[in-house]
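Structural characterization, general
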Amino acid sequence: MSDTQPETDAKLVLRSTRVVTPEGTRAAAVVVAGEVIEAVLPYDADVPGAREEDFGDDVVLPGLVDTHVHVNDPGRTEWEGFWTATRAAAAGGITTLLDMPLNSLPPTTTVGHLRTKQAVAAPKAHIDTGFWGGAVPANTKDLRPLYEAGVFGFKCFLSPSGVDEFPELDQEQLARAMAEIAGFGGLLIVHAEDPGHLSSAPRRSGPAYADFLASRPRDAENTAIEGLIAHARRLDARIHVLHLSSGDALPLIAAAKRDGVRVTVESCPHFLTLTAEEVPDGATEFKCCPPIREAANQDALWAGLADGTIDCVVSDHSPCTTDLKTPDFASAWGGISSLQLGLPAVWTEARRRGHTLDDIARWMSAAPAALAGLTRKGAVEPGRDADFAVLDPDAAFTVDPAALHHRNQVTAYAGRTLYGVVRSTWLRGRWIADGGGLAAPAGRLLERDR
């Protein structure tokens, strides 16, 4: 592929013996007119005058949609930035991301702060990029204006976030914010760990992962989720549970869904592919909150994905500079960098457990797009944006941190052998990445459909 792509009115046809569509995987020719999928035809269909790309047996997936990314730009750009984050995303088959409202300075808690972040992102985005707003104790009055300005919903914490400029909500503040957001039909997405359980858990400094794991017990998640569901039931609010790590909470969530409570749930590649038993002491590249738990708990999460209790899989890419990953689990920054590696990491474990690339497309593209209301994203079907990830699912590679486009090459996946090599990524009908490089930034800033 070349960085320079000719402008042409000719249609583009992408052919593959394996195209993942909402109706299943089949041999197909995907016809692109401008930036949009016009048709999905039989593989050998003739499209006169069209430009052609034939991927053979490589799989054409819908471009991934990652609704949980901490870009940290501006203010902590040395941790990550829109330039590096979106390059890593493009290299990993992601064509759309939503940026979390914290760890940047300013946080996305007012319309003015949103405009600041948009101005920084606009010239740097290699993929389409949208923004979550933040719900903090002092900004209830700002929630509706932020929603009208185009944020996709609002994130809050129930326990300390790790940064002073984004404080958590207590139960009264949570109910007030949830009621306000429900009043205009918005979505509240929640870091759900109960502060009471966290404060009463044993807390030791040092390199032992077992000590860190004990400091973030499953009960902290379970209790917080139970309270969230009760508020949502009473207020008829729409809520989303972020980065679920506790398999114990799944029966509670499933029951709430059956009862009609409007709750959705995500989990993350690290919870689905890494286990507490394999984390070396002092290896704080594995630290995140909530934490990576035991193998038996991971099995429960996969069962929750299989039965639909967990709706989607997104990265929670939360990077930092190398010096903040000290060997002390108590003081090291908590966050796992995985933006470029999420697809192969999840696919490696999914294929071992008997899942298919149709499942991957549902969990990592269709469901996140639906969560955010991104009606033009998430599927290979007519009328959608022509966003694609072309994957060789049987090719394996060993993760070399130096080969990642993340600003800081710190990753819990270093040295792991993963299946699934992203051969190329396409955004709105244009090539943006392949194994040999990346195109100039072509991403657009997205706002909620209004």
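For the structure given in this document, a descriptive report is provided here. (Residues numbered from 1 in each chain as written. Predicted model: local features only at pLDDT ≥ 70, side-chain atom pairs only at ≥ 80, totals over all residues. Heavy atoms only, no water.)

1. Comments concerning the packing of helix α3 (residues 140-148) against helix α4 (residues 171-183)
Between α3 and α4, whose axes approach to 10 Å, the crossing angle comes to 30 degrees. Judged by the angle between their axes, α3 and α4 are roughly parallel. As α3 runs across α4, the sense of the crossing is right-handed. Between α3 and α4, the residues in contact are Thr140, Leu143 and Arg144 and Arg176, Ala177, Glu180, Ile181 and Gly183, respectively. (Axes fitted to C-alpha atoms, helices over the stretch in contact; angles between N-to-C directions. Helix = DSSP H or I, 4+ residues; strand = E, 2+ residues; numbered from the N terminus. Parallel < 35°, antiparallel > 145°, perpendicular 65-115°, else oblique. Left-handed = near helix turned anticlockwise from the far one by under 90°. Contact = heavy atoms within 4.5 Å.)

2. Focus: the state of the cysteines
This structure, assessed with the given rule, holds 0 disulfides. The thiol of cysteine 288 is not disulfide-bonded; the next cysteine sulfur, from cysteine 289, is found 6.8 Å away. (Disulfide = S-S within 2.5 Å.)

3. Regarding the pattern of salt bridges
Under the counting rule described, the total for this entry stands at 31 salt bridges. Residue aspartate 248 pairs with arginine 218 through a salt bridge whose shortest N-O separation is 3.2 Å. Pair noted here: aspartate 248 is in the loop between β12 (238-241) and α8 (250-258) and arginine 218 is in helix α7 (residues 218-235), with a separation of 30 residues, a long-range link. For glutamate 221, the salt bridge goes to arginine 293, with nearest N and O atoms at 3.1 Å. Within this pair, whereas glutamate 221 is found in helix α7, its partner arginine 293 is found in the loop between α9 (269-273) and α10 (295-307), the two being separated by 72 residues in sequence. (Salt bridge = Lys/Arg side-chain N within 4 Å of Asp/Glu carboxyl O.)

4. A look at empty space enclosed by the protein
For the structure on display, the rule yields 4 cavities of 30 Å³ or more. Estimates place the volume of the largest cavity at around 80 Å³. Elements with a contribution of two residues or more to the lining of the largest cavity: β6 (64-69) and α11 (342-352). Residue contributions to the lining of the largest cavity peak at 3 residues, all from β6. (1 Å grid on protein atoms, 1.4 Å probe; cavity = no way out; pocket = protein on both sides within 12 Å on 5 of 7 lines; lining within 4 Å. Points joined across faces, edges and corners; volume = space filled by probe spheres on them.)

5. With respect to the environment of serine 318
Structurally, serine 318 is set in the loop between β14 (312-313) and α11. The class of serine 318 is buried, set by a relative accessible area of 5%. Sequence separation of serine 318 and cysteine 288 is 30 residues, and the distance between their C-alpha atoms is 8.6 Å. Ignoring sequence-local partners within four residues, the contact set of serine 318 consists of His70, Asn103, Trp333, Gly334, Gly335 and Ile336. (Buried < 20%, exposed > 50% of the residue type's maximum accessible area, 1.4 Å probe, protein only.)

6. A few points about the sheet that holds β14
Strand order in the open sheet formed by 6 strands is β9-β10-β11-β12-β13-β14, and the pairing between neighbours is parallel. The open sheet has two edge strands with one neighbour each: β9 (133-134) and β14. Judged from the 3 bridges that link them, β12 and strand β13 (residues 263-267) form a sheet pairing that is parallel. Pairing of histidine 240 across the sheet is with threonine 264, part of β13. In the packing of α4 onto the sheet, contacts are made with β10 (154-157), β11 (187-191) and β12, and the angle to β11 comes to roughly 150 degrees. (Pairing = 2+ DSSP bridges.)

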